[in-house]
Amino acid sequence: MAGVMVYVAIAVFLAGTAYKIYHWIRAPRSSVRLGMFPRPENSFGRGLKLIKDSIVFPQVLDNDRIMWFFVIMLHIVGLGTFIGHMRMLGEFAPLYNWLGKDGMDTLSYIGGGSAGLILLVAVLYLLFRRFKAPYRDISVPEDYLLLLLILLIIMLGDHLRFFAHFDVTDYQAYMKSLITFNPAFPAAIAESGARWVLASHVFTASLLAIYFPFSKLVHFIGSFAANLVRSD
Amino acid sequence: MAEKTINRELANVINVRLNRQLLYYIDICTRCGLCKDACHQYVATGDVTYLPAYRAELIRRVYKKYFTRTGRFMPSLIEGREPDDRLLDELYRTTYACTGCRRCMYYCPFSIDTTWLLGVAKAMLLEAGRGSPILTELAGAAVMKGENIDLFKDVILESLKDTEKEVQQITGDASAQIPVEKTGAQAMYVALAGTHTILPVAVIFHHARLDWTLSLFEAANYGYFLGDNKLAKTIADRIVDEAKRLQVTQIILSECGHAYRVMKFLYEAWAKEKLPFEVKGIVEVMHELVESGKIKLKKDSIAEAVTYHDPCQVGRNAGFYEEPRSLVKAVSRDYREMTPNREKNWCCGGGGGVVAEPAMDEFRLKTGMKKVEQIRATGARIVVSPCENCRLQLDGLNEKYNLNIKISSLMDLVADNLVAQK
């Protein structure tokens, strides 16, 4: 069941993202140059500025340092967590040969564990920030719903990390079953009580992926396009 | 039922106006609220309806309710709204209050241009017959003058005679002129209402031996503030047609931020044609005249502390940061910079046509608080700013907060400190 959900989620995420991009480029470009000054002299400068604005958020740093810290944490650690999950597809050979299985397990426990905690704190910060004026007054239910969903995914993930004690080979077996379109939990997971935690983690993450391109989270691609307008 | 149809038609105004960039702005705002510290109006009033994201959200909620799946099936999720009287009232108050300084765009991590979204709001308000009456009246007067210029011409020429005499006195040259309707002149200067924007420029141009002619029209464009692009184009057409008729190679706009923006960045897109002349601002022209040695400034002639206020339309929206500074610094012994400055400068609170609206007087003077703090911190006695709207606002702030400063235009500063040419 959770298996089918994963396929739907990936399909909707990809199709939804493609639709959103189509939806944007279908509209005519503004006939007026909307950029502001100072603006870079050439397209190389524009590219650099785009990367800086979209990855370092210098305007946020200038404006609200605490917010900048948590937002950077959320995005960088979030990206790191996504990459960390890739271990389930297969070991990264150079690192594996150097550290060995035990070393890799320790690394992912420390790395993944701290990432899980950092994400928890960052999302809680963003959530509690919304309870305060004036942020409360500009928030809509979508904002809370997304944060709560992400919070739930993180909490379930942290539970798996700290309390479930599945071996990476079990996750890899599950991932393999997904890739071969024959989704099933391997015995070690299926017989554990924590299988429901994993199923819920996958389920909520799939929900997020489905809603992703249709929500404000579409800024994961839109912000690059919009930040390019700054130097138009 | 009828009301429903009207609301849908109003919402459709948004849909029609949305181009690619505006769609990004609709879709990606996360309502992080970081724009709260960027807007002088929110900072001064603490009223959330002036927070840029809140203003933009009014448009966003109407659009989403009518044109997105989420909005149609689950409007409560995004708090979708109909363009009813309540929404339009709120939109009117917050949209015509915006000075268009685009400081919120600078501080937005996604570079969302709230002013541009509010341009869509103005289109919707105009469709609903709720445009600002004062701006409509001022724009109408400008169009009327354009259509009946022959009736006005004699009065204008008569009043210029006195100004011409003053130019002759100042320059000590009895042949000094204010040329009007001069075909084939190199440049046509477009002033503002009032000879204070003509006199200093005539003196400067006389010193520079520039081949120029004075436009019969003013640069200001209330159609642009109103948000009616068609009307704004008609007003700008007056100047464009005159320049074409006189076959000038460039037009030079007075110290008027939005007039420069209209001519330089908007007109060609509106008219879908390339202008056969160059568009320049008097700020860059004065800078070029000094750089090329055509005029000379008295170095360090002002002893009092001087500071420079970056008008939003001259700085953030046009890119002249260093040119005006080099002129101010050249003549001042004690130049002081405001903090923050350049692209981070605070709006004075007078832009966007707000100074033209008497009902906004109290609000705009209140929202100039940040500018007042900045000026006080410099301890400067003279504030120079090349924008008429800024200067009107600074005059108001000076009076209300007893700043005890003198506000000067850049043209006056340059004209008063010219070294006589041999």
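So, a few notes on the structure that sits alongside this text. None of these values were measured; they are calculated from a predicted model.

1. Examining the overall build of chain B
Here is step 1: Looking only at helices and strands, chain B features 20 helices and eight strands.
Here is step 2: Computed over the C-alpha atoms, the radius of gyration of chain B is 23 Å, within 12% of the 22 Å expected from 2.2 N^0.38 for a compact globule of 422 residues.
Here is step 3: For chain B, the spread of C-alpha atoms along the three principal axes comes to 80 × 50 × 35 Å.
Here is step 4: Taking contacts inside chain B between residues at least 6 apart in sequence as the whole, the part at least 24 apart equals 78%.
Here is step 5: Surface summary for chain B: the accessible area is close to 16400 Å², and the carbon and sulfur share equals 51%.
Here is step 6: Side-chain charges of chain B comprise 57 positive and 54 negative groups, with the mean position of each set lying 6 Å from the other.

2. Some points on the interface of chain B and chain A
Here is step 1: Of the residues lining the interface, 53 residues belong to chain B; the matching set on chain A comes to 49 residues.
Here is step 2: Taking both sides of the interface into account, the surface hidden between chain B and chain A amounts to around 4500 Å²; carbon and sulfur atoms contribute 61%.
Here is step 3: Taken as a group, B:Arg20, B:Arg31 and B:Leu77 account for 15% of the area that chain B buries against chain A, more than any other trio of residues on that side.
Here is step 4: Counting across the chain B and chain A interface gives four salt bridges.
Here is step 5: Note that A:Glu142 and B:Arg31 form a salt bridge whose closest N and O atoms lie 3.1 Å from each other.
Here is step 6: On the surface where chain B and chain A come into contact, there are 23 residue pairs in polar contact (both at pLDDT 80 or more).
Here is step 7: Counting residues per element, the ones that place at least two in the side of chain B that touches chain A are α2 (20–28), α4 (52–67), α5 (69–73), α7 (103–107) and α14 (257–271) of chain B.
Here is step 8: Of all the elements, α2(B) adds the most residues to the side of chain B that touches chain A, at seven residues.

3. Side note on the state of the cysteines
Residues and elements named next belong to chain B.
Here is step 1: A complete count under the given rule lists zero disulfides over all chains for this structure.
Here is step 2: Of the cysteine sulfurs around Cys35, a residue in no disulfide, the closest is that of Cys32, at 6.3 Å.
Here is step 3: By relative accessible area, Cys35 is classed as buried at 13%.
Here is step 4: Cysteine Cys104 remains unbridged, with the sulfur of Cys101 as its closest cysteine sulfur at 6.4 Å.
Here is step 5: A relative accessible area of 11% places Cys104 in the buried class.

4. Some words on the sheet that holds strand β8 (residues 406–408) of chain B
Adjacent strands of a sheet pair through backbone hydrogen bonds, lying either parallel or antiparallel.
All names here are of chain B.
Here is step 1: What the four strands build is an open sheet, ordered β6-β5-β7-β8; its pairing is parallel. Edge positions in the open sheet fall to β6 (332–336) and β8, since each of these has one partner strand only. Pairwise comparison of adjacent strand axes, ignoring direction, gives a mean angle of 35° for this sheet.
Here is step 2: The strands touched by helix α16 (residues 322–331) are β5 (302–308), β6 and β7 (382–384); relative to β6, the strand with the most contacts, the crossing angle is about 135°.

Criteria and thresholds
- Residues numbered from 1 in each chain as written.
- Chains lettered and ligands numbered in written order.
- Predicted model: local features only at pLDDT ≥ 70, side-chain atom pairs only at ≥ 80, totals over all residues.
- Heavy atoms only, no water.
- Helix = DSSP H or I, 4+ residues; strand = E, 2+ residues; numbered from the N terminus.
- Rg over C-alpha atoms; globule rule 2.2 N^0.38 Å.
- Contact = heavy atoms within 4.5 Å.
- Areas by Shrake-Rupley, 256 points an atom, 1.4 Å probe, with all protein chains shown as cover.
- Lys, Arg positive; Asp, Glu negative; His and termini not counted.
- Charge placed at Lys NZ, Arg CZ, Asp CG, Glu CD.
- Buried area = accessible area lost by both parts, 1.4 Å probe.
- Salt bridge = Lys/Arg side-chain N within 4 Å of Asp/Glu carboxyl O.
- Polar contact = N/O pair within 3.5 Å; in protein donor to acceptor, adjacent residues only side chain to side chain.
- Disulfide = S-S within 2.5 Å.
- Buried < 20%, exposed > 50% of the residue type's maximum accessible area, 1.4 Å probe, protein only.
- Pairing = 2+ DSSP bridges.
- Axes fitted to C-alpha atoms, helices over the stretch in contact; angles between N-to-C directions.

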